[in-house]
Amino acid sequence: VKESLENALSLPAEEGWGLTGDEIGTVVDGSREKKAHLSVCPRCIRGFQEWLKGKGLKPSDFGASEWSAVRPLNIWDPNSNKPWLQERGPALAAYYTLDFNNHVTAMLFTNLKEAFAQANEAKRAALAPVSPQARQPWIYSYALRGNTFLMKGHSLDFFDFYRLADNAIVYETSNREPRVWGWDSYLCDVQRVVGGKIHLAQGIYIKPHRGAPLQRMLSAVSRGDTMLYWYTYGPDYNKGDSFSQDAEALQLTSKAAHLLGAAEDALYESRWAVPAEVAVVKPETTQRWMNLGGDSPALMAAWENAKWVYSALQHAHVPVDPIDEVMLADEDLSRYKIIYVSGSHITAKAAEKLAKYVREGGTLYTSGWGLARDEANQPLAALAPAMGLRDRGEPQMWYRVSLYGAGNIESYDERANQLAPVPSGAKIAAGDAIQASFAPVVGREVLRPEDSAEVLARFADGAAAMTRHSFGKGQVYVVGFFPGLEYSAAVRRLDFNMRRDFDAARRLVVAAPALKLTRPVVDASDPLVEGVLLSNAANGMRAVTLANWAYGVAAMKEDTSRRRSPVVKQLPAKNLQVTIRAAKGTKEVFSCMLQRALKFTESDDSITVQLPKLDEGDVLLLK
């Protein structure tokens, strides 16, 4: 720590960003026993017990009479009989073993984090510009993260890890799949929330050769990132993986950099002009039980469903704050008009706070066997009265959804993943909440509502498919299928066209409850165009970033072995209308990409801008 601090403070620069670990993994993987080390190391076992005591837990919570009987479990042993699936005590021990695995890695960075933070505070407090502290650089340390939050998950959480480790949050864009490039906004939203709550600097490594560099740049700088690294692993003549490895990647990188330069005064250190009124939660507890439960189709579907729920809200132009279970349990939630929790498992403490949130007037939305179990894999009693359901049965699963990696998303017609035929009675009937009837392909939970709950949609066999239940001053929506995954069903085809394949009626199954309570800040006439309104406190400038995430297959090509593969192209948006809320007083709207002023009209508290064409993206300066 001392050496790192001295080296960083000696840099002849305004800022220094120190990389501590590349694509960091859990520290115990460096031991002889790998992660099993936690269950055999006496020091780690004692540390586990002391850590649990600090959380207010008791041996009896784990079915033990004394602490000596409570220890981390070797949950990674493929030959284990998995006692945590049968008994509450081992279940809780298994859950906290995963939590502890995150903790023991993060704690190794705390001293460095604090040393860098103290140095920055000394610079901030220095009054005289000639003092040594005033001249020293701002310094940030970060363990580079892959975008595992968007994929199969990771041992190290993207929220809790930063409560102990690093004073900057930085990840690299790796997804090659055009249909999910928009998820980078999800992870950048996580950066924005975590960075704001824990006072972290934010940065990103953008890999242009992996696609959408301009959109990914806009996503990051629209959410507070102030360090951007155009990725290169070269040199090109020896190894690719670089922003300049082919003509297209280099051209798009140049285009993105020029756009950023034209709008930098407005964008650098800007913030959202209007705070989000919607929160989304992808519970870490769900991921842990997905891992602990083995090959569970229901839990895998619940995990993937959360990402596409975000996509549906993104395409409905609903701004969101991603928060975690600790924030749910500890913070004031009243600023959110609706909270989406997409996951089967959540901590009992977070559930208790959600029940209080609803009782006091909040709206809760869950789906895909959502909010069924707690961290000990027991029925979630704390929320049961609010849900308006008599009980919760296991979902019926017809398709085994694969966890997304960094490559292509799967179709839903792969025979190896089909678990059972979809029954004819599972078709969802059109009604008030469902604009068009459709047959789900992943699975369903047959809801058994209380008499006090309102049934908003039914399956063809008459079973409840979606309910709304009043509880105190608030309400809870429960959807008995996986609406995010079903929203993605049509785009999972070889000849996809994102503008054609994302269905508005299925999108509203997710977004309609939010749109009843709030409205977009930037509402584009094209659902695949994402807009963010920013304000810069330093200079008073305002700007709107527009990222066009639409891609489609333009042709099929054959290689020398006659294998056919799609040629994917970006789909420009033409004659785009962009309605911007909270933009009264605007005299001129200037397009940084087109380098000219645009026509606009005013109405109520908004302006509507006419944009003749939008390729990958643009920045509109509101003067």
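Residues numbered from 1 in each chain as written. Predicted model: local features only at pLDDT ≥ 70, side-chain atom pairs only at ≥ 80, totals over all residues. Heavy atoms only, no water.

Bringing the overall build of the chain into the picture now. When helices and strands are counted, the chain shows 17 helices and 26 strands. Over its C-alpha atoms, taken along the principal directions, the chain stretches across nearly 65 × 60 × 60 Å. For the chain, buried positions account for 57% of its 623 residues. Taking the contacts inside the chain whose residues are at least 6 apart along the sequence as the reference set, 71% of them involve residues at least 24 apart. Looking at the chain as shown, the accessible area adds up to about 25,900 Å², and 50% of this sits on carbon and sulfur atoms. Computed over 72 positive and 72 negative side-chain charges, the inter-centroid distance for the chain is 2 Å. (Helix = DSSP H or I, 4+ residues; strand = E, 2+ residues; numbered from the N terminus. Buried < 20%, exposed > 50% of the residue type's maximum accessible area, 1.4 Å probe, protein only. Contact = heavy atoms within 4.5 Å. Areas by Shrake-Rupley, 256 points an atom, 1.4 Å probe, with all protein chains shown as cover. Lys, Arg positive; Asp, Glu negative; His and termini not counted. Charge placed at Lys NZ, Arg CZ, Asp CG, Glu CD.)

There is a patch of nonpolar side chains on the surface, built from Val27, Met107 and Leu108 and spanning about 270 Å² of accessible area. With respect to the helices and strands, the residue Leu108 is situated in the loop between α4 (88-106) and α5 (110-125). Here Leu108 falls in the exposed class, since its relative accessible area comes to 53%. (Patch = residues over 30% accessible without salt bridge, like charges linked within 9 Å, V, L, I, M, F, W, Y side chains within 5 Å. Salt bridge = Lys/Arg side-chain N within 4 Å of Asp/Glu carboxyl O.)

Let's shift gears to the sheet that holds strand β13 (residues 454-458). Taking strand neighbours across the sheet as the criterion, the seven strands line up as β8-β7-β9-β10-β15-β14-β13 in an open arrangement whose pairing is mixed. In this open sheet, the two edge strands, each paired with only one partner strand, are β8 (321-322) and β13. This element, helix α17 (residues 504-515), spans β7 (278-281), β9 (338-341), β10 (363-367), β14 (464-471) and β15 (474-479) of the sheet and lies at about 155° to β9. (Pairing = 2+ DSSP bridges. Axes fitted to C-alpha atoms, helices over the stretch in contact; angles between N-to-C directions.)

Here we take up the nonpolar core. Core analysis: the biggest nonpolar cluster contains 163 residues, and Leu313, Ile339, Tyr340 and Leu383 have the highest contact counts within it. The element that contributes the greatest number of residues to this core is helix α11 (residues 297-315), accounting for eleven residues. If near-sequence neighbours (up to four positions away) are discounted, Leu313 is found in contact with Val280, Val318, Val320, Tyr340, Val510, Ala511 and Ala514. With 21 residues, the next largest nonpolar core counts Leu533, Ala573, Val589 and Leu620 among its residues. (Core = buried A, V, L, I, M, F, W, Y, C linked by side-chain atoms within 4.5 Å.)

For the rest of this paragraph, the subject is the pairing of strand β20 (residues 564-570). Working note: regular strand, side chains alternate between the two faces of the sheet. Here seven bridges tie strand β19 (residues 551-558) to β20, and the two strands are oriented antiparallel to one another. In the strand pairing of β20, Gly552 is matched with Lys569. In textbook terms, the turn of a hairpin is the stretch between consecutive antiparallel strands, and for β19 and β20 this stretch comprises five residues, one of which, Arg562, has a positive phi near 70°.

This next bit is on empty space enclosed by the protein. Scanning the entire structure with this criterion turns up three cavities of 30 Å³ or more. A volume near 220 Å³ is recorded for the largest cavity. Taken together, 17 residues make up the lining of the largest cavity; nearest its centre are Trp272, Val318, Pro319, Gly531 and Val532. Of all the elements in the fold, those that place two or more residues in the lining of the largest cavity are α11 and β17 (529-535). Top contributing element to the lining of the largest cavity by residue count: β17, with four residues. (1 Å grid on protein atoms, 1.4 Å probe; cavity = no way out; pocket = protein on both sides within 12 Å on 5 of 7 lines; lining within 4 Å. Points joined across faces, edges and corners; volume = space filled by probe spheres on them.)

With that settled, the discussion passes to the side chain of Thr545. Relative to the helices and strands, Thr545 resides in strand β18 (residues 542-548). A polar contact of 2.6 Å, which involves the side chain of Thr545, links it to the side chain of Ser222. Dropping the residues within four chain positions of it, Thr545 is found in contact with Leu218, Ser222, Leu267, Glu530, Gly531, Val532, Leu534, Asp618 and Val619. (Polar contact = N/O pair within 3.5 Å; in protein donor to acceptor, adjacent residues only side chain to side chain.)

Our focus in this paragraph is the environment of Asn167. Relative to the helices and strands, Asn167 is located in the loop between β2 (138-143) and β3 (168-172). In this structure the C-alpha to C-alpha distance between Asn167 and Ala201, which are 34 residues apart in sequence, comes to 6.3 Å. The residues touching Asn167, leaving out its near neighbours within four places in the chain, are Lys113, Phe116, Ala117, Asn120, Ile139, Tyr140, Ser141, Leu200 and Ala201. From its side chain, Asn167 meets the backbone oxygen of Ile139 in a polar contact 3.4 Å long.

Let us now look at helix α3 (residues 42-54). Counted at 1.5 Å a residue, the expected span for α3 with its 13 residues is 18 Å, and the 19 Å between its end C-alpha atoms agrees. Listed in full, the buried residues belonging to α3 are Cys44, Ile45, Phe48, Gln49, Trp51 and Leu52. Axial view of α3: buried residues confined to an arc of 165°, hence all on one face. Opposite its buried face, α3 presents the exposed residues Pro42, Arg43, Arg46 and Gly54, each directed more than 90 degrees away. Those residues of α3 that are buried are in contact with α2 (37-40) and α4. Positive phi shows up at Gly56, right after α3, with a value of about 85°. (Expected span 1.5 Å × (residues − 1). Arc of directions from axis to C-beta.)

One can describe the packing of helix α7 (residues 184-198) onto α11 by two numbers: an axis separation of 10 Å at closest approach and a directional angle of 95°. In this view, α7 runs roughly perpendicular relative to α11, as classed from their interaxial angle. Within the contact between the two elements, α7 uses Ser185, Tyr186 and Asp189 and α11 uses Ala306, Lys307, Tyr310 and Gln314. Here the residues of the contact of α7 with α11 sort into three nonpolar, two polar and two charged. (Parallel < 35°, antiparallel > 145°, perpendicular 65-115°, else oblique. Nonpolar A, V, L, I, M, F, W, Y, C, P; charged D, E, K, R; others polar.)

Glancing now at the environment of Met107. Position of Met107 among the secondary structure elements: in the loop between α4 and α5. Taking the C-alpha atoms as reference points, Met107 and Leu164, separated by 57 residues in sequence, lie 5.7 Å from one another.

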